[in-house]
Amino acid sequence: MNPLQLMNNDIATLMMSSQKVFEHWNDKVADGMKNNCIASIQRDWKAYIDEINTRMNIYMRAEKEIEDAISDYERKTR
């Protein structure tokens, strides 16, 4: 399985599990932990995914250009 998908599943599990905890543990301390810890992890994960997606798009475009150049070269040298 894709490592990013595994990490995404782990984050989703964390979010679901923590939501159940915070539903029962509903006070000022819980709100602070939820906002400072869980929300922070979620924001960091989203930023990481956005960065990876951007880099993968650049990589795939470069890979396509290389493949096109190779195909052009092969076609010209036949």
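Data block above holds the structure.
The following refers to the structure shown.

Moving on, we come to the overall build of the protein chain. Each helix and strand counted, the protein chain has two helices and zero strands in total. A compact globule built from 78 residues should have a C-alpha radius of gyration of about 12 Å, whereas the protein chain, at 22 Å, is more than 25% larger. Summarising its shape, the C-alpha atoms of the protein chain cover approximately 75 × 20 × 10 Å along the three principal directions. By element, 57% of the accessible surface of the protein chain is carried by carbon and sulfur atoms, the whole surface being about 6800 Å².

Let us look at the packing of helix α1 (residues 3-24) against helix α2 (residues 28-76). Running from N to C, α1 and α2 cross one another at 160°; their axes reach a closest spacing of 11 Å. With respect to α2, the element α1 is oriented roughly antiparallel. The way α1 lies across α2 gives a crossing that is left-handed. On α2, the residues that touch Leu-4, Met-7, Asn-8, Ile-11, Leu-14, Met-15, Ser-18 and Phe-22 of α1 are Ala-30, Met-33, Lys-34, Ile-38, Ile-41, Gln-42, Trp-45, Tyr-48, Ile-49 and Ile-52. Of the residues belonging to the contact of α1 with α2, the class tally is 14 nonpolar, three polar and one charged.

The rules behind each value
Residues numbered from 1 in each chain as written. Predicted model: local features only at pLDDT ≥ 70, side-chain atom pairs only at ≥ 80, totals over all residues. Heavy atoms only, no water. Helix = DSSP H or I, 4+ residues; strand = E, 2+ residues; numbered from the N terminus. Rg over C-alpha atoms; globule rule 2.2 N^0.38 Å. Areas by Shrake-Rupley, 256 points an atom, 1.4 Å probe, with all protein chains shown as cover. Axes fitted to C-alpha atoms, helices over the stretch in contact; angles between N-to-C directions. Parallel < 35°, antiparallel > 145°, perpendicular 65-115°, else oblique. Left-handed = near helix turned anticlockwise from the far one by under 90°. Contact = heavy atoms within 4.5 Å. Nonpolar A, V, L, I, M, F, W, Y, C, P; charged D, E, K, R; others polar.

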